[in-house]
Structure formats: C-alpha cells, structure tokens
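So the chains spell out like this:
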Amino acid sequence: MQNGVIYGIDIAKGSSRAQVAPRYAVAVLKDGEINHYTMVRLHRIFRMLNQDRPDYIAVDNIFELAPNKRELIHFLEKLPENTKLVQVTGGIRQKPLLRLAKEHGLSLNQFDPNQEAEACAILASLGVGAEVSLFEDITRIKVSRARSLGRGGWSQNRYRRKVHGAVREKSREVEYTLRRFSRETGFTFSEHITEGFGGYVRAEYTVSARRERVPVKPSANADVQVTVKNVERDKIQYLPIKKAGRKYTIVGIDPGTTVGVAILSLDGELLLSDSTRGISHDEVVKLIADYGKPALVATDVYPVPSAVEKIRRSFKAVAWTPGGEIRSEDKIAIAREFGYSNDHERDSLTAALSAYKAYKNVFTRVEKRTPKYLDVDNIKFHVINGDSIDEAIEKVAAESKIQVRIKPGPEPQKEEPADVDEQIKKLRSEISQRNSQLKQLKEYVAELKYQSGQKERLIEQLEMHIKKVKNSIYRQVRREKEMQIRDNEIERLNKELSKTKKALRNQRNQNKRLKQIRKKEVRGEGLPVKVISSFTREAIQHTKELYGIKENDVIYLNDPSGGGPVTASLLVESGVRAVLISEDMPHSALESFYDGEVPVLKDMQIQIIGDLASVNPEILESAIGVWQKGADERRKEKEHKQVQFILEEYRSERRRGLA
C-alpha cells in the first residue's frame, strides 16, 4: 500500500507503566527491505523518526508506547508532520497479532519482539489496522509575547509598545496566510484578538483543518512566539487506513434535527459513532459513503422512519428494524461497550449493534465455510441480500474468477565462487548479531528470574499480612455488628420511653385542668363546659372518647361552621343542656337544635383552659331562659304558619270544587 517508510515497533523489555524506561524492538520497512534495531530507548526512536519521517508507526498495542491517553498525546505531538500512528490489531475490537499474521501469510514467533515489530510494519504496508486519532480536525494558532514585560522603569511604555507592535505585525502575517489558505482550500477560520498598549497582547486563530494542512508553522524570536496545536478529542478514535476497495458496512441511524450515525464493519468493528445537528440528507449520505458501502441500514424503531428509508434507497441496502420498541435500559446496556456522548449516538449505536447481533450467527457460519482466497465480506453481502451461503460462495467465485494462490518460495540461487567471501562475511555478521541478541536475552531472563523471586517473597509476606488483616477485620466487624444491634435496641427503647413520658405529661395536664374546673364547680363559681374543636363527627367522637359527653353537659363549639343536621343530631341525641358558639352556625344545623329543644347560645362569656372551659351558671340560666322565650315564639309562629297553610289549602280546594 505504501512506498514510503514504515516503522514497526514492539516492546522488548520493561513496560510503559514501569519506572524504568522500557526498550523496544524496531523494524524499519524501506524500499521493500527491513532493518532491525534491538533494545532501543524511546528518545533514540524519536531521533530516528525525525530523520526518516515515516508514513506510519505500526504497533500491536498503542499503550506499549505510553501508559495513558495524556502521555499518548505527548507522544503524538512529538511525531514529525504527516507521520501517523497505526494499531494493526484494529480499533476498539482488536484481533490478535498472531491471527492477523497467519491470515496474511506471515510466519511469526510471538515471543520474539523483532518478529512482532516486523509483522506490524508489513501488516501496515498491506493496509491492515486503524489509524489512532486523538485530535479533532481543528487547529489553534496563538501569537503572543515571547517573554514577560516585567515591572520596568522609565522606558517601560516604549518597550511595551515595541513588543505589542511586533505581536500585531506577526498576527497580521498569520491572518494573511490563513485568508489565502481559506480561499484556496475552502477551510474556514475564526480569530480572537486581545488588544494592548501600542498593538496586540495576543491573537488566537481557530482553523477548521488538521494541523499538517495548515500552512502556519510554530516559531519564536526575542519578542514574539507562535504556537500551533491540535484540539484534543474527548476519546480515542480509530480510523481505517485501508481505503482501496470499499468495504461493506452496517449503518445505524437515529433521524431528527440532530442525526446520530453509527457505522460498523461486517466484523463488528466500530468505524464511526457521531451525531451532528442540522445535517442535510446529502451530507449524511456522503459521510456514510466515506466509510464504505452499507449492506444494512438499521434503525431502533418500528416501522422504518421515512428519513432512514430515503438513506437506505440511496445505497440500495437492506433495511433492518427490531420489530418493536427497545427499552431505554436495553439501549444503555447495548451501547455501553463502545461508549457514547448523547442519546442520538446511543440510539444509532443500538440500531447498528442490534442488526449485527441479528446476523452474527450467520456471519460466523459464512466465515467457517468460506475459502481463504475469497472475499468474506462480499459473501456476507450476498447472504444479507437473500442468497444462501453456498449460492453466495458460487457467485463471488464466479465474479472474481480467483484460483487458489500459492506464494512461490524463493528460487535457489547458484552461488558463484566470487561471492563466497561476501556470503561468509554476511553469515558471520548475522551470527554476531544473533549472539548479541542471545546475550541480551539471557541477561533479561536472569533479571526476570531475580524479579520473580523477589515478587514471590513479597507475595508470601503480603498473604500473611492479608490473613492478619482479615482476622482483625472479622473481629472488628463482629464487634461493630453487636454494637449496632444494641444501639438499635437502645434507640427503640428511648422512643418508647419518650412516647410514654409524653402521654403521661398530657394526662397530668388534663387532670390538672379537670381539678381546676372541679374546684370552680364546687365553689359555685363556674359550670364546666366541654370544648369541641370543630363541628364535625370526628371532633365530637374524639371529645366523647377523651372526656365523655353525657346528658345535661354544656358544649362549646370552637368552630361551628362545618356541621349540618346529621352532626347536630349527635349532640341532640346525647341530651346536652346547651351548645355555646362564638360564630354563626349553618341554618340547617340550627334548625335541628331548635327541633331537638337544645339551646344554641352565642357570644357567652366563658373561660377556656385547653379542651375544657367554665361558664357562670347564673348567666347561663338567664341566657337559656331568653332562648326558651324565643323558641316558644318561634314555635307559635311556626304553628300559625302551618294553620294558615292548611286554611289556604282548604280554600283552594273549595274554589276548585265550586268551579
């Protein structure tokens, strides 16, 4: 695939997470030849990279070069321009290096770092693997002062004007370059300028293009510095490096104002998961086409939305739906493996992964039955479109007209006597190199044995310590559990004691009030009155249970507004002597008291103590007498009205009879 230089790198000793810097095996593929470098430290690798400026750096695991994402970003920032980092084992879903080597006809000893580095370089040259992308297609350029201005003296303003003027001039040069770049390529940029005394303090430019495409380079002089940096991604993205021959894909789409798109290979490898607001149909189609030809276009709802159906027809792909609604919990569980930034990416991932899982068993059978010399993805495409596996194999074989290709071995060359010395020197050099490697490996094995012994002793010590800690923790947990049981019991008893004390206190207060009222009653100073909080069935029942309501009791209704005839009948049936009120009572309830001959007295002077009260008996008797007179007059008037009504009825009947 590539005619340039490719570096294959594999870790030979140590680890990127260890305190001691690791050593690497490096295989340099150049002009079809491979040169090996063993036990190379990272700083030397950077010197080699800056000298050769390779197209690719190929590894089987990117975290052999850096322990985490932050260090990996530092590694990529140090690389020469246009040099890409490739993980040949794939992106998120990786294949073992040994399996990839066998698939491409390479012999590999997985315990030899030199052979692994060589395999990485060759596989990258064949277009195997994914480019590791940690930067957005956005570049930030900053033009600023190269040093602090300091406090200064009499000439400080002049010096500040000089520096700020230099920043302004450099910023204008950068802006001119970016405007020309924008006209020629169509890439856009924005600017943010901070003005200062005599010029600019700084100028920042954001360009919508990758760093290697931007024609502005970092620079610095005595007054001004220019920094050019990529914008980091939130998460690592893997981009396929093999563009030749469009691969078949599975596309999941979540339509709407914000369109979510997820693209999988037919092997289940995630190629893209993204969401864009306000994207048009043509832009979605172009984005999908950049990653291959869709064999399946999937959605997570049923039936297929019209927007998804329109995209499916654009590629003449097969539609897939789940046949029903997928719950949000299931969507989260399905998409969690790859991660997502919003609900649109989650739904598109769910659609693509569900479609892949629906065909996974069929794909497995296809892979088992397909000959190695035929394109497996092409056969899967025919199976998706309705062919059986045998029919698909026959179609692909007929279309490609490929026969089994056997790699010819190297032809034996006739050695000429003149080349014997040269061959001997070459063999001796190889033997010397092998002996050097053998010596290094023996030293490495001895070091590993020593470290293994140290680790075994440390493990024994830690196991003894763990055993002691477990026993101590067990005793502590048992003691804490017993204390917790006791604390819970104490808390329960305290609550019961608090309730009992409260009930006793209420009872004492009630007895005290009863004694006070009883004393007044004995002295003839007051007649006891029982207070009912409201004119409702529940309040009357509460007072009955607490104090009792018997015949000839005097009742005070604190709020007489809520009762009616039924509520009034409860007091009438109890035979109370009188009902005292301070506000108006509903007419229907008042009528019930009149009918039951129970006086209802308003605005009586009473002394209230909690739920009990007292009234002057003389005033009460006087008020009852007045009420009785009014009741007699009301009764006479009512009887008169009844007689008058009967007389009117009689006269009316007589008139009708005469008529």
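Predicted, not measured: the structure shown is a model, and the values here were computed from it. (Residues numbered from 1 in each chain as written. Predicted model: local features only at pLDDT ≥ 70, side-chain atom pairs only at ≥ 80, totals over all residues. Heavy atoms only, no water.)

Q: Sorry, what's going on with the overall build of the protein chain here?
A: In terms of regular secondary structure, the protein chain is built from 16 helices and 21 strands. Scaling as 2.2 N^0.38, a compact globule of 659 residues should have a C-alpha radius of gyration of about 26 Å, whereas the protein chain reaches 48 Å, well beyond that. Each principal axis of the C-alpha distribution contributes one length, and for the protein chain these read about 155 × 85 × 75 Å. Every one of the 659 residues in the protein chain was classed for burial, and the buried ones make up 36%. Nonlocal contacts in the protein chain, meaning residues at least 24 apart in sequence, comprise 63% of its contacts between residues at least 6 apart. Within the structure as shown, the protein chain displays about 41100 Å² of accessible surface, and the carbon and sulfur contribution to it stands at 49%. (Helix = DSSP H or I, 4+ residues; strand = E, 2+ residues; numbered from the N terminus. Rg over C-alpha atoms; globule rule 2.2 N^0.38 Å. Buried < 20%, exposed > 50% of the residue type's maximum accessible area, 1.4 Å probe, protein only. Contact = heavy atoms within 4.5 Å. Areas by Shrake-Rupley, 256 points an atom, 1.4 Å probe, with all protein chains shown as cover.)

Q: In this structure, what is going on with unusual backbone geometry? I would like to understand it.
A: Among all residues save glycine, negative phi is the norm, and among peptide bonds the norm is trans. In the segment running from Tyr 302 into Pro 303, the intervening peptide bond is cis, with an omega of 0°. Here Pro 303 is to be found in the loop between β14 (293-298) and α7 (306-315). The phi torsion at Asn 552 lies on the positive side, around 70°, for a residue other than glycine. Structurally, Asn 552 can be placed in the loop between α13 (537-546) and β17 (554-557). Judged by its relative accessible area of 53%, Asn 552 is exposed. Of note in this structure, Glu 597 is not a glycine but carries a positive phi near 55°.

Q: For this particular structure, what's the right way to read the pairing of strand β18 (residues 578-581)?
A: When a strand is regular, its side chains alternate between the sheet's two faces. Covered by surrounding structure in β18 are Ala 578 and Leu 580 together with Val 579 and Ile 581, the residues of both alternating faces. Inspection of the sheet shows β17 paired to β18 by four bridges, in the parallel sense. Residue pairing across strands places Val 554 opposite Ala 578, the latter belonging to β18. Bridge count between β18 and strand β19 (residues 600-602): three bridges; the pairing is parallel. Paired with Ile 581 across the two strands is Lys 602, which belongs to β19. (Pairing = 2+ DSSP bridges.)

Q: Sorry, what's going on with the confidence of the model for the protein chain here?
A: Any region with low pLDDT has predicted coordinates that should not be read closely. In this model, the protein chain carries an average pLDDT of 84, and 92% of its residues clear a pLDDT of 70 or more. Low pLDDT, under 50, characterises residues 400-418; the stretch is placed with eight contacts to residues that sit more than four places away or in other chains. (pLDDT = per-residue confidence, 0-100.)

Q: Sorry, what's going on with the sheet that holds strand β11 (residues 248-254) here?
A: Sheet strands line up and pair through hydrogen bonds in the backbone, either parallel or antiparallel. Ordered by their spatial adjacency, five strands build an open sheet running β13-β12-β11-β14-β15, and the pairing between neighbours is mixed. Each edge of the open sheet carries a strand with a single partner, namely β13 (270-277) and β15 (318-320). Taking the axes of each pair of neighbouring strands and ignoring which way they run, one obtains an average angle of 25° across the sheet. Judged from the six bridges that link them, β11 and strand β12 (residues 258-265) form a sheet pairing that is antiparallel. What sits directly across from Asp 254, in β12, is Gly 260. Together, β11, β14 and β15 form the strand contacts of α7, whose direction differs from that of β14 by roughly 155°. The strands touched by helix α10 (residues 376-384) are β11, β14 and β15; relative to β14, the strand with the most contacts, the crossing angle is about 40°. (Axes fitted to C-alpha atoms, helices over the stretch in contact; angles between N-to-C directions.)

Q: I would appreciate a short explanation of the pattern of salt bridges in the present structure.
A: Oppositely charged side chains can pair when the atoms bearing their charge come close. If you walk through the whole model with that rule in mind, you get 32 salt bridges. The closest approach of N and O atoms between Arg 233 and Glu 136, which form a salt bridge, is 3.4 Å. Of this pair, Arg 233 sits in strand β10 (residues 224-240) while Glu 136 is found in strand β6 (residues 130-145), placing the two residues 97 residues apart along the sequence. Here Glu 175 ties to Arg 179 by a salt bridge, and the two come within 2.7 Å at their closest N and O atoms. (Salt bridge = Lys/Arg side-chain N within 4 Å of Asp/Glu carboxyl O.)

Q: Explain helix α15 (residues 587-595) to me, please; I cannot follow it from the model alone.
A: A turn of α-helix holds 3.6 residues, and therefore any two residues three or four places apart point the same way. Taken together, the buried positions of α15 are Ala 589, Ser 592 and Phe 593. Buried positions in α15, seen along its axis, are confined to an arc of 100° and lie on one side of it. Seen from the buried face of α15, the exposed residues on the opposite side, beyond 90 degrees, are His 587 and Asp 595. Check the buried side of α15 and you find it contacts α14 (565-574), β18 and β19. (Arc of directions from axis to C-beta.)

Q: So what exactly am I meant to see when it comes to the packing of aromatic side chains here?
A: How two aromatic rings sit relative to each other is set out by the distance from centre to centre and by the angle between their planes. Throughout the structure, instances matching the rule amount to seven aromatic pairs. A ring pair is formed by Tyr 359 and Phe 363, whose centres lie 5.9 Å apart and whose planes are at 25°; its orientation type is stacked. Linking Tyr 359 with Phe 363, this pair stays in helix α9 (residues 343-369), spanning four residues, or about one helical turn. Geometrically, the ring pair formed by Phe 535 and Phe 593 is stacked, given 6.2 Å between the ring centres and 20° between the ring planes. Linking Phe 535 in the loop between β16 (527-532) and α13 with Phe 593 in helix α15, this pair joins segments that are 58 residues apart in sequence. Neither residue differs from the other here; Phe 535 and Phe 593 are each classed as buried. (Phe/Tyr/Trp six-rings, centres within 6.5 Å; stacked < 30°, edge-to-face > 60°.)

Q: Hey, could you run me through the pairing of strand β2 (residues 23-30) in this one?
A: Counted residue by residue, β2 has six buried out of eight residues, so it is predominantly covered. Examined bridge by bridge, strand β1 (residues 6-13) and β2 share seven bridges and lie antiparallel to one another. Bridge assignment links Lys 13 to a residue of β2, and that residue is Arg 23. Pairing geometry for β2 and strand β3 (residues 33-40), over six bridges, is antiparallel. Across the sheet, residue Tyr 24 finds its bridge partner in β3, namely Val 40. Once β2 ends, the chain turns through two residues before running back antiparallel as β3, passing Asp 31 with a positive phi of about 55°.

Q: Help me understand the nonpolar core in this model?
A: The tendency in soluble globular proteins is for nonpolar side chains to be buried side by side. If you look at the biggest cluster of nonpolar residues, it comprises 28 residues, and the most contacted ones within it are Tyr 7, Ile 9, Val 26, Ile 57 and Leu 85. Where this core is concerned, the elements lending two or more residues are β1, β2, α1 (42-52), β4 (56-59), α2 (69-78) and β6. Aside from chain neighbours lying at most four places away, what touches Val 26 is Tyr 7, Gly 8, Ile 9, Asn 35, His 36, Tyr 37, Val 40, Ile 45, Met 48 and Ala 117. (Core = buried A, V, L, I, M, F, W, Y, C linked by side-chain atoms within 4.5 Å.)

Q: Hey, could you run me through a nonpolar patch on the surface in this one?
A: On the surface, Leu 458, Leu 462 and Ile 466 cluster together to form a nonpolar patch covering roughly 260 Å² of accessible area. Tracing the backbone shows Leu 458 in helix α12 (residues 420-523). With relative accessibility at 45%, the residue Leu 458 sits in the partly exposed group. (Patch = residues over 30% accessible without salt bridge, like charges linked within 9 Å, V, L, I, M, F, W, Y side chains within 5 Å.)

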